[in-house]
Structures are given as C-alpha cells and as structure tokens.
Amino acid sequence: MSDDDGRYSGRSAVTARRKLEAQVIGNLTKEGEELRFSSDRTFLPPLGAPAVGLTSSELSAVLRPPSIASSFDDSVYLGRAISTAAVPVRADIDTLLTRHLAVLGASGQGKTHFVAGVLQRLLAEGPNARIVIFDVHDEYGAAFRSLEGVRLKETVLGRAPLGDVRDYLRIPYYALGRTGLARLILPSEKTQRPALNFALQHLHRVESGGRDARLVGDPDGRFFDDCRAGGAGEAAEGLERLKAGAGSARRWPHMMAVACLAAEWAALEPDTRHGWKRSAFNYGNVGWMVQRIRRLIEDTQFNRVIATEASDDRGGAGLDMAHEGKQLVERIFGGVGPVDWNVHIVSLKQLPSDLSPHILGSLLELFAEELFDRGPGATHPTLLVLEEAHHYLRQIPGDVDTGMNSLAYERLAREGRKFQLSMLVSTQRPSEVSPTVLAQCGSWVVFRLTNERDQAVVASGTEHASRYALGQIPGLARGQAVTFGDAVPLAVKIQVCRPAPDHEPSSSDAKFAAMWKRHEEPSDPEHGALG
C-alpha cells in the first residue's frame, strides 16, 4: 500500500523471518482519506519491501465492489469475512452474473440457504429480474412465497395430485423437437439418426393410437415397428405418399408413431419377387433405437413427466413442431417480452434421477436452440439456477457415441453471456458435473468438501484461489465458505448470508431426538398399536 507520493505507510512490519508465498492481486493507494484498490497486477513492490497484514479498513477497500465507489451501488451481499477482519463481502452484480457462479459443498453445509439468501437480495436490488430455478427437491417455494416484491410462478413437472394448486406440466414429447428428442432417444449418427429424422419430419402427416401408425384417413395401420413379414408393399407405398406430401393430421400422434416410421424407413427394401420386403438385417441397424422408444413409452415414471399419448385436436391451424417447442420454452423460461413473474420455480420432485440427464438435457437443448435463434440481446437478462446440478449436468451413456457430449448446457455455459443468460450451478459433487460448465464459472463459493476428487476439481478449475485458501475447504464449519473469482479480488473465508428468517427454503435437518420423543396416536385405527 502506498500514499499519494508513493511511499509506504509507516506501519512497522513483522521482524520474524518467515518464508511466505505471495500472489499479487493488485495495489492499494490512498487518495486523501480514502483507500482505493486497483486490480492492476503490474505494480510490484521492490525487493526488501516490508510485508504487513491488512487492517480492517484496507481489507474493506480491497473487497469493495467498484460500483460502491460510483454514484450508485449495484452490488449484492454475500457474507461477512471471518479469516481476518470481520468486514462485509459484497460482489458487483454484473461481474457476478456475467460469468457464471458455482456454489459447491457437501450436503448439509448451507448451500441451499445461501443460494436462497443471494436470490432474495438480488430481487430486492432488481424487482424486474427474471430467475428460473430448477428445484430438484421442491425446497425453494417456501423462500419466495408471499415475500415482498416477488412475483412467483411455480410449475411442477409431472402429474397433479389432489389438493395441490400449483401449475403442473407434462411435457408433450413432440414439443421437444428434433434436437430434444434426439437427446432422449440417443440415436447413433450413421444409421439411426437418419431414420429418426425421417420419422420426425413426417410425424405431422400420420395418426397413431399407440400400437401402429397410419396415413391420415386410413382406417387401419400400415406402419409397424416390429419388422413383420406381411404388408411391406402397403408400408412402402405409404412412405412414398408421405414423401410426396400426404395430408396433414389435426392432432399429434402417439409417440409410438416415431418408432413405426423409423423402423419402416430403415427396414423396407425392394424385392424382386414381391416388390417390397422388410429386411431383418436393415431393421437390426435401428432395432436398439426402436426398443428404447418402446421402453420410454412403457416407463410409468417417464410418462409421469413426458406426455407420450396423442394430443388434442389442433383444429385447422396445422401441426408445427417448432411452434410447440417455442411455446414450451416461453412457458418455462419466458419469452422475448415482459412476463408476469420474476421468479419461476420448476419443481423436479417427480423426475426420477436416472432420467434427469435425458429429460432436462432435452429441455436445455430446446432452450439453447431458441436462445440462439433469437440472437444476442433479444432475451430479457435471465438467471438460470441449476440446483443439485450433478443429477443432470453430466455425461450420460451414449453421449460419446452420438457426439452430443452434454452439448446443450455446455453451449449455454460457453455462449450464454452473449444472449444475456447467466447460470448459477449448485452441487455437492463437482467431480460429477461437466468440466466444461465449471470451467466457464467466473466466481466460486465453496463450502466444506471432504472428497478428494471434488477438492481436485476446485483446485484445477480456477486460478484465483491460493493453495492456502483451498486448504481451508475441508475444515470449514457449517455456514462457512471460501469465495473467490471475478466477483471478489481476494480469496476470502466468509460466514455466508442467510435468507429472511420467515422465508427459508425447506431444507432443514430432521429433528430426530425431538420427533422420536413425541407421542402421537395413530390416525388410522386399523393400523394402531401392535398387539
């Protein structure tokens, strides 16, 4: 630190000889009575200059966001420094969100409460915010319901149980579009994807109730998914009519129509004796994909979230898969214009964990496609909060073979800034999250992590934290974190902020002792005391 004339302050340095490892983060200057911090790293102290600890006022100057020094404060409170002096730690909102934020830590360390607290403060600073929360455990609703200034929308992916007044949504399979369905079905590039593309291209021209598919107006099915011997000529003639532009249906067919069209496109081939036949060899190229579509249709958990049945009658407007996808994106993420909410909680409690990467990957593929189609600057600035991200921001079996390799959210992480999208990635297992996503996070808030693989991800994923700061992570107490990155110039240990007392997320620990001591009479007399 230097005064106006560049000389060092008169504080006495510690005389004991120690070997210290230092990292230059900038310099402090004193302008009159005010300390100013600059992140200019080219200013280096001369050899032999004394090393002194930062005072409370100096640490405050280092951690003070640039916006506080300007005529208006666009910063958000993250917590209170506890490693040295107890000073508030704030982050410039634009710096925090322009490059994404990673919140990492083991279960039960306070991540959810911290995220809720930060979001509440962001809403207080910007009531015109647009925040979409992927809520895996249905925890965040309690933090925002009836909170002043919050216009809350809640959507649960799945079927509506009795008594729940929230908005429930089963995603129509056809709304996911070609890109999203490919993410679900995972076709191989050379043989299966062309068959799937043909099926989706002509899906609006067939009808299906779930067993077969037929041309519009046909009394009986002519397209099947099982490579049967009979009816090959009728199926081939039907495919030619589809290619020629057969009449459009008034409703989307059952998802089985996708399997039927793909199977027929792959299996049918000319036959010198009968005109056409279904080739078992050709069918084998798409057999795995057809079986996967069948399994998805028969999976009751999948059907709880994805609607595979035929749609309602769309009237004479025609069927447009792109339009269906656009409506789905606007319903979940908001459109180009204003929306009547500033927080949208999308509950994923009905979504089985093994299907999360597929279904949410499809949804994010669709969102990415819509964002890029709109172009830079066309979307209202949006914060996408990805809670428990290790469930779905990970590579899944088949990704390497299909070349998709977690494409959607990695594209969002790399290029979302251009399209006014920010991501807050929260996870207890950073080693299971896509490395590309974490590498794009400019600011990190890391709670206690004890797993060596998770610690290694943090150490390799950022250049901002010193080995000393990273070494504190395994020993952090509950509610403490180390924060570093673009939003804070100095890696600092903090006591994190908490949400409003009456608006906390539903993620508290169970009170085993108190609950087990409580005596309650069984509500059902048939299942009362054991005798």
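Please refer to the structure higher up on the page.
Here the residue numbers are simple positions, counted from 1 along each chain's written sequence. Where totals are concerned, whole chains, interfaces and linings use all residues; where local detail is concerned, this predicted model gives features only for residues with pLDDT of at least 70, and gives and counts side-chain atom pairs only at 80 or more. Computation of side-chain values: all heavy atoms of the structure, hydrogens and water removed.

Caption draft 1: Inspection of helix α4 (residues 111-125) at higher detail. Compared with an ideal rise of 1.5 Å per residue, which puts 15 residues at 21 Å, α4 spans 21 Å between its outermost C-alpha atoms and is within 8% of the ideal. Whether a residue is buried, partly exposed or exposed follows from its accessible area with a 1.4 Å probe, protein chains only, as a fraction of its type maximum: under 20%, in between, or over 50%, in that order. What counts as a helix is a DSSP run of H or I of at least four residues, what counts as a strand is a run of E of at least two, and both are numbered from the N terminus. Burial runs high along α4: 12 of the 15 residues are buried. Among the residues of α4, K111, T112, H113, F114, V115, A116, G117, V118, L119, Q120, L122 and L123 are the ones counted as buried. The span you would expect from a helix comes to 1.5 Å times its residue count less one.

Caption draft 2: Region of the structure containing the pairing of strand β19 (residues 480-485). The element β19 is largely enclosed, with a buried count of six among its six residues. Here β19 shows a buried face lined by Q480, V482 and F484 and a second buried face lined by A481, T483 and G485. The rule for pairing is simple: two strands pair if DSSP sees at least two bridges between them. Inspection of the sheet shows strand β18 (residues 441-446) paired to β19 by four bridges, in the antiparallel sense. Bridging from a neighbouring strand, W444 pairs with F484 of β19. As paired elements, β19 and strand β20 (residues 488-496) share five bridges and run antiparallel to each other. Paired with V482 across the strands is K493, a residue of β20. The antiparallel pairing of β19 with β20 creates a hairpin that spans two residues between the two strands.

Caption draft 3: Just the environment of G210, in detail. Within the secondary structure, G210 sits in the loop between β10 (206-207) and β11 (214-215). Separated by 99 residues in the primary sequence, G210 and E309 place their C-alpha atoms 7.3 Å from one another. Residues are treated as being in contact if the distance between any of their heavy atoms lies within 4.5 Å. Beyond its immediate sequence surroundings of up to four residues, G210 is in contact with H254 and M256.

Caption draft 4: Broad picture of the sheet that holds strand β16 (residues 382-386). Strand order in the open sheet formed by 12 strands is β4-β3-β20-β19-β18-β5-β17-β16-β6-β15-β7-β8, with mixed pairing between adjacent strands. Both outer strands of the open sheet, β4 (88-92) and β8 (167-169), are each paired with one neighbouring strand and no more. Neighbour-to-neighbour, the strand axes of the sheet open up by a mean angle of 25 degrees, direction not taken into account. Across five bridges, the pairing between strand β5 (residues 100-104) and β18 is parallel. Bridged to H100 within β18 is C441. Only the contacting stretch of a helix is used when fitting its axis, a line to C-alpha atoms as for every element, and angles between N-to-C directions run 0 to 180 degrees.

Caption draft 5: Highlighting unusual backbone geometry. Positive phi outside glycine occurs at L186, with the angle close to 55 degrees. Residue position: L186 is located in the loop between α6 (177-185) and α7 (192-201). For E388, which is not glycine, the phi dihedral falls at a positive 50 degrees. Among the structural elements, E388 can be located in the loop between β16 and α14 (399-402).

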